[in-house]
Amino acid sequence: MEAMEIDSAGKDEEGKAKPVMVILIGAPGSGKSTFCDLVMRVSTRPWVRICQDTIGNGKAGTKKQCLTGAASALKEGKSVFIDRCNLDREQRAEFVKLVGPEVEKHAVALDLPAKLCISRSVKRTEHEGNLQGGKAAAVVNRMLQKKELPKLNEGYDRITVCQDEKDVQGAINTYTSLGPSDKLPPGFFGQKTSDAKVQLGIMKFLKKKDPPGCSDAVMNVSRDNTLSHATKEKDSNQVLESCEEPKMASVGSSISLENAPTLAFPSISTADFHFNLEKASDIIVEKVEEYVNKLGNARLVLVDLSQHSKILSLVRDKAAEKNIDSKKFFTFVGNITKLYSEGGLHCNVIANATNWRLKPGGGGVNAAIFSAAGPILETATKAKAGSLSSGKAIVVPLPSSSPLFSGEGVTHVIHVLGPNMNPQRPNCLDNDYIKGCKILREAYSSLFDGFASIVRTQEESCKDKFDKEFKGEVQLEQGSRSGDQKAKREAVCETDMNKKFKSFVKELGPNVGSSVDGKTGGQSRKAWGSWVQALYDTAMHPERHKNIIEMSDDVVVLNDLYPKAQKHLLVLARVEGLDSLEDVKKEHLTLLKTMHSVGLKWAEKLLCENNSLTFRLGYHSVPSMRQLHLHVISQDFNSNHLKNKKHWNSFNSPFFRDSVDVIDEVSQNGKAILKDENILSMELRCHRCRSAHPNIPRLKAHIGSCRAPFPASLLQNGRLVFSER
């Protein structure tokens, strides 16, 4: 994050920003100490952590000692974290009253689920305050009964409420980037939900050891919380959008369908196979209707990358006409290799529309799944079969070492091969739809039969586990025995399903959800899906596209299909193997200079047409679309396609790497510096005056009239291109 400029109201008489006192609020295990450590390790602002567990020369002390220590640090001009539970208003009041207007008073409430806090507290060892083990669970439960979330009328300048790990990471980013001369905007940030009682069943949780699958995270992630990731609009900077939210099971359901076995499958009759979509959609709905009730509580989800997908639209309408249960079958827009991390959708089985060789390569779903799962999927597939016939499917258990297992909770991949109508592909049916439809029906039957076998195996495992766990228990009265045992069995089954997600519902980190290709550390390589191959195809085959405005042996230039400003061009590298800035090495320096030169030429040409514009040339650290491309974008950001925080921050934060800086870094170090995607969740700030705004409409209204000079950092080294008028 770039240094945030502040107004004089946020500075003391010497021009420095006021010190900040941040009162952390949260139960034991909510991550308060970790929050402090992560910020203090990186921040350029001087911070002091006041912790009652260590205030007495490394041992537990008193609240009075904390007040004294805080006052002393603030008097020295340092900012302070108050690391106590501070769960009720009374506990916080003395700290708020400790200082006057010369200090900014902030509250950060880590309002995380009780089960998460308890699980962490029970499992930790060598805790500073010795709050661990069984004792910790009782303490956390008791303290949460008195929880009061902070309110601005308590005297705070700013309140941030974090209700999940994504919120926490966002708050850490905000305070990490708060430099010595910066000031955060006042107000209430985060979800303003009413104070929730401790989750039902918490005492039952306390009476027994951690159930299988309970890790340092919430066992059952709520779709209401996580699906927000999937409601963003998809365009050139966004690949995911939920097309339809299924109706979930009622509260009284014995097992939430959220955690039911779920198969996510693409259309087997892929675009590459040139199969008629009307016929394909009829067959999908026909086979879903046949299987959906045979699968019990299991779910089927048809997935496509595009929100404008014709096959999704056709299937959705036809399924509605057939009154197919929307809890058990629905459509979803998203990357099939990132359905949990980006869409909040638990899918333990995914289908791969593969090739007859069962090999990685090609494009679309097959390439994406093999890449996301890593080489181990190819090895596991080889152990099952060497090839596949049209209309057949093969179930491949995914080893736990696969990134798809650990990152997304996918336990099985089902390879399935559909019919081909493309004469450029093997086994073309020459437009024989009688045979083609027969093969497609067989393919979906094979796919759903494979999924049914997985479901049966899980149910048998649950039954065996139930028999072992409850064998020898005191039998209930005959009249209620059957129902109670059924409830217990289903509870065990649900816990067992949670165990499948044990290794991927983790404390969210900076690279959560990223697909990897075996690399460790640094930026993760994306598993490119079919939609995001568009720029690659344009660069490699420009003759197929009409929107090209310049073409050479090295580059292709075109207007961005979803421009984020009045003028927004892309300069594409015409080199294989350069998917993104991560792939750039010193040997590509000449190409980078060529791309910059071409981009500069077009910026100057556009300035001749409108000399009021200002341009910036740069790359996204982690692009949404494959193939290295340089953005040439005017700084008015006047566009209907600029709609959300990610759009804005992808061009107005350190995530956007200026072309001149990239060239310098590659020249000196052989690679460019990349910034993490978490930066995209930072607050909305004007790119000129750096003032903060609560939403995009307010920001757009402001930048339309803002005439402040650009920050000095942008005015240096040719980062901005403008007319010498």
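Remember, it's a predicted structure, so these values are computed and weren't measured experimentally.

A few points about the sheet that holds strand β9 (residues 329-333)
Here is step 1 of the chain: Taken in spatial order, the 6 strands make up an open sheet running β9-β8-β7-β10-β12-β11, and their pairing is mixed. Both edges of this open sheet fall to β9 and β11 (393-397), since each of them pairs with a single strand only. Shown here is a sheet whose adjacent strand axes are inclined to one another by a mean of 25°, direction ignored.
Here is step 2 of the chain: Lying on the sheet, helix α12 (residues 364-373) is in contact with β10 (349-353) and β12 (412-416); it crosses β10 at an angle near 130°.

Notes on the sheet that holds strand β1 (residues 20-25)
Here is step 1 of the chain: The strand order across the open sheet built from 6 strands is β2-β3-β1-β4-β5-β6, with neighbouring strands paired in parallel fashion. Among the strands making up the open sheet, the edge pair consists of β2 (47-51) and β6 (187-190). Recorded for the sheet is a direction-independent mean angle of 15° between the axes of neighbouring strands.
Here is step 2 of the chain: As paired strands, strand β4 (residues 104-110) and strand β5 (residues 158-162) are joined by 5 bridges and run parallel to one another. Residue pairing in the sheet places H106 in a bridge with R158 of β5.
Here is step 3 of the chain: On the sheet, helix α1 (residues 32-42) packs against β1, β2, β3 (79-83) and β4 and is oriented at approximately 160° with respect to β3.
Here is step 4 of the chain: Most of the contacts of helix α6 (residues 165-176) go to β5, to which it runs at about 145°, and overall it touches β1, β2, β4 and β5.

With respect to the side chain of S79
Here is step 1 of the chain: You can see S79 is positioned in strand β3.
Here is step 2 of the chain: Overall, S79 belongs to the buried group, its relative accessible area being 1%.
Here is step 3 of the chain: The contact partners of S79, leaving out residues within four places of it in the chain, are P19, V20, R45, P46, W47 and V48.

Examining α12
Turn by turn, an α-helix covers 3.6 residues, leaving residues three or four places apart pointing in a common direction.
Here is step 1 of the chain: Burial analysis of α12 places 8 of its 10 residues in the buried class, which makes it a mostly covered element.
Here is step 2 of the chain: Along α12, the residues that are buried comprise G364, N366, A367, A368, I369, F370, A372 and A373.
Here is step 3 of the chain: On the buried face of α12, the contacting elements are β10, α13 (375-384), α14 (403-408) and β12.
Here is step 4 of the chain: The positive-phi residue at the C-terminal boundary of α12 is G374, with phi of around 85°.

A closer look at the nonpolar core
Here is step 1 of the chain: Within the largest apolar cluster, 48 residues are counted, with the highest numbers of intra-cluster contacts made by F35 and Y175.
Here is step 2 of the chain: In terms of residues, this core owes the most to one element, β1, which gives 6 residues.
Here is step 3 of the chain: Ignoring sequence-local partners within four residues, the contact set of Y175 consists of V22, F35, V39, S43, W47, H106, V108, R158 and L184.
Here is step 4 of the chain: The next biggest cluster of nonpolar side chains, apart from the first, holds 40 residues, and it includes I283, A298, V349 and A351.

Topic: the confidence of the model for the chain
Here is step 1 of the chain: The predicted model of the chain has a mean per-residue pLDDT of 78, with 75% of residues at 70 or higher.
Here is step 2 of the chain: Taking the mean pLDDT of every element in the chain, the minimum, 35, falls on helix α8 (residues 223-226) and the maximum, 97, on strand β17 (residues 629-634).
Here is step 3 of the chain: Within the model, pLDDT remains below 50 along residues 469-484, and this stretch shows 9 contacts once partners closer than five positions in the same chain are excluded.
Here is step 4 of the chain: Segment residues 486-530 is flagged for pLDDT under 50; beyond a separation of four residues in sequence, or across chains, it makes 122 contacts in the model.

Observations concerning the pattern of salt bridges
Here is step 1 of the chain: Scanning the model with the defined rule gives 22 salt bridges in all.
Here is step 2 of the chain: Close ionic contact of E165 with R120 constitutes a salt bridge, the shortest N to O distance being 2.4 Å. Remark: R120 occurs in helix α4 (residues 114-123) and E165 occurs in helix α6; sequence separation between them is 45 residues. The two residues E165 and R120 agree in class, both being buried.
Here is step 3 of the chain: Here R719 makes a salt bridge to D661, at a shortest N to O gap of 2.9 Å. One end of the pair, R719, is in the loop between α21 (696-703) and β21 (720-722); the other, D661, is in helix α20 (residues 659-669), with 58 residues separating them in the sequence.
Here is step 4 of the chain: The exposure class of R719 is buried, given its relative accessible area of 17%.
Here is step 5 of the chain: Taken together, the salt bridges that share partners define one network made up of E278, D282 and K318.

Regarding the packing of aromatic side chains
Here is step 1 of the chain: If you walk through the whole model with that rule in mind, you get 12 aromatic pairs.
Here is step 2 of the chain: Taking the centre distance of 5.5 Å and the plane angle of 75° together, the rings of F265 and F448 count as edge-to-face. Placement of F265 in strand β7 (residues 262-265) and of F448 in helix α15 (residues 433-470) is noted, with a sequence separation of 183 residues between them. Accessibility assignment for this pair places F265 and F448 in one class, buried.
Here is step 3 of the chain: Ring geometry for F275 against Y433: centres 4.9 Å apart, planes inclined by 75°, an arrangement best described as edge-to-face. Of the two residues, F275 is situated in the loop between β7 and α9 (277-291) and Y433 in helix α15; the sequence distance between them amounts to 158 residues.
Here is step 4 of the chain: Judged by relative accessible area, F275 falls into the buried class, the value being 5%.
Here is step 5 of the chain: Its relative accessible area of 17% is what places Y433 among the buried residues.

About the thresholds
- Residue indices follow the written sequence of each chain, beginning from 1 at its first position.
- Under the rules for a predicted model, residues below a pLDDT of 70 receive no local features and side-chain atom pairs below 80 are neither given nor counted, while totals for whole chains, interfaces and linings still include all residues.
- Only hydrogens and water are set aside; all other atoms, that is, all heavy atoms of the structure, feed into the side-chain values.
- Note on pairing: DSSP must find at least two bridges between two strands before they are called paired.
- The helix and strand labels rest on DSSP assignments: H or I over at least four residues marks a helix, E over at least two residues marks a strand, and numbering proceeds from the N terminus.
- Inter-axis angles, ranging from 0 to 180 degrees, are taken between N-to-C directions of lines fitted to C-alpha atoms, where helices are fitted over the stretch in contact.
- A contact between two residues is defined here by any heavy atoms of the two lying within 4.5 Å.
- In this scheme, a residue with accessible area under 20% of its type's maximum is buried, one over 50% is exposed, and one in between is partly exposed, where area comes from a 1.4 Å probe on protein chains only.
- Nine residue types can take part in a nonpolar core, namely buried Ala, Val, Leu, Ile, Met, Phe, Trp, Tyr and Cys, and a core is a set of them joined through side-chain atoms within 4.5 Å.
- Values of pLDDT, the confidence the predictor places in each residue, fall between 0 and 100.
- Note on definitions: salt bridges are taken to be side-chain nitrogens of Lys or Arg within 4 Å of carboxyl oxygens of Asp or Glu.
- Within 6.5 Å between ring centres, the rings of Phe, Tyr and Trp (the latter by its six-membered ring) count as paired, and their orientation is classed by plane angle as stacked under 30 degrees, edge-to-face over 60, tilted in between.

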